[in-house]
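Examining the three-dimensional arrangement
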Amino acid sequence: MGHILITGGGGFLGQRLAARLTAADPGSVELVLWDHVRPSLPEEAAPASRVLVGDLLDPALRREAISTRLDAVIHLAAVVSAQAEEDFDLGMQVNFDGTRALLEACRALATRPRFVMTSSVAVFGGALPTRVPDWWATRPRSSYGAAKAICELLVNEYSRRGFVDGRVLRLPTVVVRPGRPNRAASSFASSMIREPLAGEEAVVPVEPNTPMWLMSPDRAVDALMHAVELDAKSLGDDRVISLPGLSVSVGEMASALGRAGGGEAAKRVSWQFDLPIATIVQSWPGDFEATRAKGLGFEADASMDEIIGQHMAETGKGGGR
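What you see is a predicted model; the values in this text were computed from it and never measured. All chains use their own residue numbering, which begins from 1 and follows the written sequence. Owing to the predicted nature of the model, reporting of local features is limited to residues with pLDDT of at least 70; listing and counting of side-chain atom pairs is limited to 80 or more, with chain, interface and lining totals taken over all residues. As a rule here, side-chain values cover all heavy atoms of the structure and leave hydrogens and water aside.

The criterion is simple. A nonpolar core is a set of buried Ala, Val, Leu, Ile, Met, Phe, Trp, Tyr and Cys residues joined through side-chain atoms within 4.5 Å. Buried means the residue's accessible area, taken with a 1.4 Å probe over protein chains only, is under 20% of the maximum for its type, while exposed means over 50%, and partly exposed covers the values in between. Core analysis: the largest hydrophobic core is formed by 76 residues, its most contacted members being Ile6, Leu31, Ile74, Phe188, Ile241, Phe298 and Met304. Numbering of helices and strands runs from the N terminus, with a helix taken as a DSSP run of H or I at least four residues long and a strand as a DSSP run of E at least two residues long. Take this core: its biggest share by element is 7 residues, from helix α8 (residues 250–267). Contacts: residue pairs with any heavy atoms within 4.5 Å of one another. With sequence-adjacent residues up to four places away left out, leucine 31 is seen in contact with Ile4, Ile6, Ala18, Leu21, Thr22, Leu41, Pro42, Ala45, Ser49 and Arg50. Core analysis: the second largest hydrophobic core is formed by 26 residues, Leu102, Cys106, Met117 and Val155 among them.

Taking a probe equal in size to a water molecule and rolling it over the atoms shows the remaining empty space. Cavity: a set of points on a 1 Å grid over the protein atoms alone where a 1.4 Å probe fits but cannot get out. Pocket: an open set with protein on both sides within 12 Å along at least five of seven lines, its lining residues, like those of a cavity, having an atom within 4 Å of a point. Grid points are joined across faces, edges and corners, and a volume is the space filled by probe spheres set on the points. Considered as a void within the structure, the largest pocket measures approximately 1200 Å³ in volume. By volume, the second largest pocket amounts to about 280 Å³. What lines the second largest pocket is a set of 15 residues, and nearest its centre among them are Asp134, Glu152, Arg170, Asp238 and Val240. The element that contributes the greatest number of residues to the lining of the second largest pocket is helix α5 (residues 143–160), accounting for 4 residues. Note on residue categories: nonpolar means Ala, Val, Leu, Ile, Met, Phe, Trp, Tyr, Cys or Pro, charged means Asp, Glu, Lys or Arg, and polar means any other residue, Gly included. Class assignment of the residues belonging to the lining of the second largest pocket gives a composition of 7 nonpolar, 3 polar and 5 charged.

Two pairing modes exist for strands in a sheet, parallel and antiparallel, and in both the strands are linked by backbone hydrogen bonds. Across the sheet, 3 strands lie side by side as β7-β9-β11; this open sheet has mixed pairing. Of all the strands in the sheet, the pair left with one neighbour each is β7 (173–174) and β11 (246–249). Two strands qualify as a pair provided DSSP detects at least 2 bridges between them. With 2 bridges joining them, β7 and strand β9 (residues 211–215) adopt parallel strand pairing. Within the sheet, the bridge partner assigned to valine 174 lies in β9 and is methionine 215.

Now for the sheet that holds strand β6 (residues 165–171). A sheet is described by the order of its strands in space; here 7 strands give the open sequence β3-β2-β1-β4-β5-β6-β10, paired in parallel fashion. Every interior strand has two partners, whereas the edge strands, β3 (50–53) and β10 (240–242), have only one. Direction aside, the axes of adjacent strands within the sheet are offset by 15° on average. As judged from the 7 bridges shared by strand β5 (residues 114–120) and β6, these two strands associate in the parallel manner. Interaxial angles span 0 to 180 degrees and are taken between N-to-C directions of axes, which are lines fitted to C-alpha atoms, for helices over the stretch in contact.

By secondary structure assignment, the location of arginine 131 is in the loop between β5 and α5. Classification of arginine 131 as partly exposed rests on a relative accessible area of 43%. Between the C-alpha atoms of arginine 131 and alanine 290, which are 159 residues apart in sequence, the distance is 9.5 Å. Those residues in contact with arginine 131, other than ones at most four positions away along the chain, are Asp287, Phe288 and Glu289. N or O atoms closer than or at 3.5 Å make up a polar contact, with two conditions inside protein: a donor-capable atom paired with an acceptor-capable one, and, for residues adjacent in sequence, both atoms drawn from side chains. Within polar-contact distance, the side chain of arginine 131 engages the side chain of aspartate 287 at 3.3 Å.

In this section: helix α4 (residues 88–109). To estimate how far a helix should reach, multiply one less than its number of residues by 1.5 Å. Helix length check: α4, at 22 residues, gives a terminal C-alpha distance of 31 Å against a target of 32 Å (1.5 Å per residue), a fit within 8%. The quantity called bend is, for any residue, the angle between two axes fitted respectively to the seven residues ending at it and the seven beginning at it. Of all the bends found along α4, the most pronounced is centred on aspartate 97 and spans about 30°. Residues of α4 that are buried: Gly91, Met92, Asn95, Gly98, Thr99, Ala101, Leu102, Leu103, Ala105, Cys106 and Leu109. Directly beyond the C-terminal end of α4, a positive phi value near 65° is found at alanine 110.

See below:
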């Protein structure tokens, strides 16, 4: 893959992915990083690489981003879950209209570029089995999940018609994210680890027995890179893949924090139930079979201790014992 567009290229996954892609083949990967905030280009990117700042629905930016030389689109940009629930119009404009506009621009190329989109466990809801099989129907219980479920169908249809070569990855909640808490309903899953290890307080808005389906940032980037390289013949007609992850309760996450950072880190976590957030999070599955994904070569993290260890190694944060 020589010429790759990454939407959401200024976000933490977009930046990690850009760095990994260019490190794998320095000087030859031409990137277009597009976000509403200015992304940074890796030093190893090809000289023609560039950044775009602005809205996915801006037709001039779309024309600049998508050219006949495009090999792949990796579509990470989205309005996050709680924000999409609060602002229905904004969520649909970015998460649905923006995705459709990108697909249409790719269709106009008539070169069938690879189109990798991140989806979410939020496409599921209602009565769920303890472990969700690959064939389970989507029944979202949030506006964010609904938009993602619609876009899954779109990518399948655009692939069936030969407009793009699509791959949709249903990502587990990615932990530990850097930075500060955002408006994602799952934001607490990172902050309850990140802040205590940095000597700060964190609030958990759900019950300790709430199950979570998790993946580390490194595994998420591994999955995105693997998806770009997958042979279309291995995917068949169904381009949507529920990725393997780690199933743990929020209480077990807190216990792992204590093992990694000691008693002082664990004491920095407080539990304050928040009904709107908990309602969204509790509608998500906490475990998946992910049989198809494993057969395609996708991998999960081994443990919560491993995920926290990765974060501590990257940040040098050890908490207090």
